[in-house]
Amino acid sequence: MGNDIHDNGRTGSNLDHGLYLCGDNEMVINNLLVRNAAYGLQIAGYTTVSSMKVYNNVMAHNGKSGIILWMAVSGVDIQNNILYQNGKYGIDSYDAHGSGVVIDRNLVFGNNLGNYALALDGSDFTYTMGTTMSGAPLFVNSTSAGFDAHLSAGSPAINAALNLSSTFTTDIDGVTRPASGAWDLGAYRYGSPGLRPAPPAFLRIVGTAP
C-alpha cells in the first residue's frame, strides 16, 4: 500500500513491471505505478490468485498495459482505479482462467490499444463489469515527464468512486477519506496537499511475464 513505483526496467522489456504479484489475500491500494517498462501491475496465478483487492491506484504511462491478468484467478476486485495512457490496454489478459473477477468504478482513458482486453490469448475467466468511465482525468500534470496524479478541479474522478472505508480509510498521503458518501478515484483525495517525501530516483523490480 502507498507505493510510488516509477521508471522501473529496461526499455522494451516484457519482464520489468511496477508490481508483480501471485499471492492470496493481497491488497494493492493507493499506489502510483508510472512509466514502468512493461505492466503497471501483473497478476500471475501460478497457483490460483484469490481474494486480491486492487483499489484506488493510478497506472499511467507504462510501456504495456496498466494491469494484466495471467493464469489462474479466483476473486480479484479491481475498483476505483485510474488507468491512463498506457502503451497497450487499461486492463489486459493473457491465458487467464478462473472466476470471480470484479471490475467496477474505474476510469480508463487514453490507453493506446483500448480500455479492456479480457479475452486475449486463450483467456476465459468469468468477470463482472460494473461502472466504467472514460474521460480525461484532469490530473495536475498528465504528461509522462512531469506526471502528477493529484486531481484538478473539475476532474471526473472526483466523487466517482465507491466508498471502501471498511477496508482502508486514507489516501496515499495519509489524508482521511470520507467515512460515508462517494470517494474520489485514484490514489489521492481531491485537495490532498502532497505530503509524501519524494520517492527514490530509481527502483527496479524484475519479474517474469508471459
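Quick look at the structure, then.

Parameters at a glance
Residues numbered from 1 in each chain as written. Predicted model: local features only at pLDDT ≥ 70, side-chain atom pairs only at ≥ 80, totals over all residues. Heavy atoms only, no water. Helix = DSSP H or I, 4+ residues; strand = E, 2+ residues; numbered from the N terminus. Rg over C-alpha atoms; globule rule 2.2 N^0.38 Å. Buried < 20%, exposed > 50% of the residue type's maximum accessible area, 1.4 Å probe, protein only. Contact = heavy atoms within 4.5 Å. Areas by Shrake-Rupley, 256 points an atom, 1.4 Å probe, with all protein chains shown as cover. Lys, Arg positive; Asp, Glu negative; His and termini not counted. Charge placed at Lys NZ, Arg CZ, Asp CG, Glu CD. Salt bridge = Lys/Arg side-chain N within 4 Å of Asp/Glu carboxyl O. Pairing = 2+ DSSP bridges. Polar contact = N/O pair within 3.5 Å; in protein donor to acceptor, adjacent residues only side chain to side chain. Phe/Tyr/Trp six-rings, centres within 6.5 Å; stacked < 30°, edge-to-face > 60°.

## Some remarks on the overall build of the chain
So, step 1. Within the chain, the regular secondary structure consists of 0 helices and 15 strands.
So, step 2. The C-alpha atoms of the chain give a radius of gyration of 16 Å, which matches the 17 Å a tight globule of 210 residues would have.
So, step 3. Oriented by its inertia axes, the alpha-carbon framework of the chain measures out at about 40 × 35 × 25 Å.
So, step 4. Classification of the 210 residues of the chain by burial places 48% in the buried group.
So, step 5. A separation of at least 24 residues holds for 71% of the contacts in the chain among residues at least 6 apart in sequence.
So, step 6. When the accessible area of the chain is evaluated, it comes to approximately 8,300 Å², of which 52% is carbon and sulfur surface.
So, step 7. The averaged location of the 15 negative side-chain charges in the chain is 4 Å from the averaged location of its 10 positive side-chain charges.

## So, the pattern of salt bridges
So, step 1. In this structure the tally under the stated criterion is 3 salt bridges.
So, step 2. The salt bridge partner of Asp7 is Arg35, with a shortest N-O separation of 2.7 Å. Here Arg35 lies in the loop between β4 (32-34) and β5 (41-55) and Asp7 lies in the loop between β1 (4-6) and β2 (19-21), a separation of 28 residues in the sequence.
So, step 3. By relative accessible area, which is 28% here, Asp7 ends up partly exposed.
So, step 4. As a salt-bridge pair, Lys88 and Asp92 come within 3.5 Å of each other at their nearest N and O atoms.
So, step 5. Given a relative accessible area of 24%, Lys88 falls into the partly exposed group.
So, step 6. Residue class for Asp92 comes out buried when judged on its relative accessible area of 1%.

## Some thoughts on the sheet that holds β4
So, step 1. On the basis of which strands lie adjacent, the open sheet formed by 6 strands has the order β1-β4-β6-β8-β10-β13 and parallel pairing. Both outer strands of the open sheet, β1 and β13 (132-133), are each paired with one neighbouring strand and no more.

## Description of the pairing of strand β7 (residues 67-79)
So, step 1. Bridging between β5 and β7 involves 11 bridges; their strand directions are parallel. Of the residues in β7, the one forming a bridge with Ala44 is Trp70.
So, step 2. Two strands pair when backbone bridges link them, and β7 and strand β9 (residues 89-104) are joined in this way by 12 bridges, in the parallel orientation. Note on β9: the bridge partner recorded for Gln79 is Asp104.

## Digging into unusual backbone geometry
So, step 1. The phi dihedral of Asn56 is positive, around 55 degrees, even though this residue is not glycine.
So, step 2. Locating Asn56 in the fold gives a position in the loop between β5 and β6 (58-60).

## With respect to the pairing of strand β15 (residues 148-151)
So, step 1. In terms of strand pairing, strand β14 (residues 139-141) meets β15 through 2 bridges, oriented antiparallel. Bridge pairing in β15 places Asn141 opposite Asp148.
So, step 2. Where β14 folds back onto β15 in an antiparallel hairpin, the turn is made up of 6 residues.

## Quick notes on the side chain of Ser155
So, step 1. If you trace the backbone, Ser155 turns up in the segment after β15.
So, step 2. Classification of Ser155 as buried rests on a relative accessible area of 5%.
So, step 3. Among the polar contacts made by the side chain of Ser155, one reaches the main-chain amide nitrogen of Ala157 at a distance of 3.1 Å.
So, step 4. Residues contacting Ser155, with those up to four places away along its chain left out, are Pro137 and Leu138.

## Let's talk about the packing of aromatic side chains
So, step 1. In this structure the tally under the stated criterion is 7 aromatic pairs.
So, step 2. Plain terms: the ring middles of Tyr46 and Trp70 are 5.6 Å apart, the flat faces sit at 70 degrees to each other, and that makes the pair edge-to-face. With Tyr46 in strand β5 and Trp70 in strand β7, the pair connects residues that are 24 residues apart, well separated along the chain.
So, step 3. With a centroid separation of 5.8 Å and an interplanar angle of 55 degrees, the aromatic rings of Phe125 and Tyr127 are classed as tilted.
So, step 4. According to the relative accessible area criterion, Tyr127 is partly exposed, its value standing at 40%.
So, step 5. Through successive ring pairs, a cluster of aromatic residues spans Tyr84, Phe109, Phe139 and Phe147.

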